[in-house]
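Understanding the architecture of this molecule
What follows is each chain in one-letter form.
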Amino acid sequence: IDDEEEDGRYHRAPAASSLSKKVDEWTNELTKALAVCEAVLDFPGEDPKLETSLIYRDVLPVIRRVKNEIDIALKDAEARELVRNGVRVCIIGATNAGKSTLLNYFAKRDVAIVSKVPGTTRDVVEVSIELEGRKIVIYDTAGHRFLATKRKSSTSEEMEEWYDEDENEPLFH
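Residues numbered from 1 in each chain as written. Predicted model: local features only at pLDDT ≥ 70, side-chain atom pairs only at ≥ 80, totals over all residues. Heavy atoms only, no water.

Here's the deal with the sheet that holds strand β1 (residues 87-91)
- A sheet is described by the order of its strands in space; here 3 strands give the open sequence β1-β3-β2, paired in mixed fashion. Edge positions in the open sheet fall to β1 and β2 (125-131), since each of these has one partner strand only. Sheet twist, expressed as the mean angle between neighbouring strand axes with direction ignored, is 25 degrees.
- Bridge count for β1 against strand β3 (residues 134-140) is 5 bridges, and the pairing is parallel. (Pairing = 2+ DSSP bridges. Helix = DSSP H or I, 4+ residues; strand = E, 2+ residues; numbered from the N terminus. Axes fitted to C-alpha atoms, helices over the stretch in contact; angles between N-to-C directions.)

Here you go:
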């Protein structure tokens, strides 16, 4: 898979074979380092300083480098995961606070019902957008009645009252 699409916005994870090759390299390098350690332990020589210098010169630098490369690969994997799945943002707030309006604004289209009647959003509404080449998934949620609101509840009498407040304004947009 290419690292970038034609427009260069979405980066993809490298092909599995690329990571497999890197793991094979790490395995070979660590196996060689292990062989040096085993040789020093199994065949102690007359010069312990030479054996110690073999460990410090040939083994430890390999272990440190491989560890750093693995750390970088793991960080890259996390970053690719964010790019692939997108950053998730949840819009929460009081009933009729404008959460659905905000979602529609970001989506640049009507994806959520906007109404002057509180409690219109019952299910989570999800939309994926692109912002500066990055995927963002935005969730619009039902209003939380425990947060401060202007209205008490959405009884049928109150709904009629809100509708009667301005007969020229549509109930839903």
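Considering the environment of Ala-112
- Here Ala-112 lies in the loop between α3 (99-107) and β2.
- When the C-alpha positions of Ala-112 and Ser-100 are compared, they lie 5.6 Å apart, and in sequence the two are 12 residues distant.
- Apart from the residues lying within four places of it in its own chain, the contact partners of Ala-112 are Ser-100, Leu-103, Asn-104, Val-125 and Asp-140. (Contact = heavy atoms within 4.5 Å.)

Focus on the nonpolar core
- Membership of the largest hydrophobic core is limited to 8 residues, which are Ile-91, Leu-103, Ala-107, Ala-112, Val-127, Ile-129, Ile-136 and Ile-138.
- Counting only elements with at least two residues in this core, the list comes to α3, β2 and β3.
- Grouped together as the second largest cluster of nonpolar side chains are 5 residues, Trp-26, Ala-33, Val-59 and Val-62 included. (Core = buried A, V, L, I, M, F, W, Y, C linked by side-chain atoms within 4.5 Å. Buried < 20%, exposed > 50% of the residue type's maximum accessible area, 1.4 Å probe, protein only.)

Brief notes about unusual backbone geometry
- Even without being a glycine, Lys-108 presents a positive backbone phi close to 60 degrees.
- Within the element layout of this structure, Lys-108 appears in the loop between α3 and β2.

With respect to helix α2 (residues 48-85)
- Between its first and last C-alpha atoms α2 spans 54 Å; for 38 residues at 1.5 Å apiece the expected length is 56 Å, and the two agree.
- When the local axis directions of α2 are compared, the greatest deviation, roughly 35 degrees, occurs at Val-59, which is followed within four positions by the proline Pro-61.
- Directly after α2, the chain includes Gly-86, whose backbone phi takes a positive value near 85 degrees. (Expected span 1.5 Å × (residues − 1). Bend = angle between axes of the 7 residues up to and from the residue.)

Focus: a nonpolar patch on the surface
- A grouping of Leu-82, Val-87 and Val-89 is seen on the molecular surface, where their side chains present a nonpolar patch of about 230 Å² in accessible area.
- Tracing the chain through its elements places Val-89 in strand β1. (Patch = residues over 30% accessible without salt bridge, like charges linked within 9 Å, V, L, I, M, F, W, Y side chains within 5 Å. Areas by Shrake-Rupley, 256 points an atom, 1.4 Å probe, with all protein chains shown as cover. Salt bridge = Lys/Arg side-chain N within 4 Å of Asp/Glu carboxyl O.)

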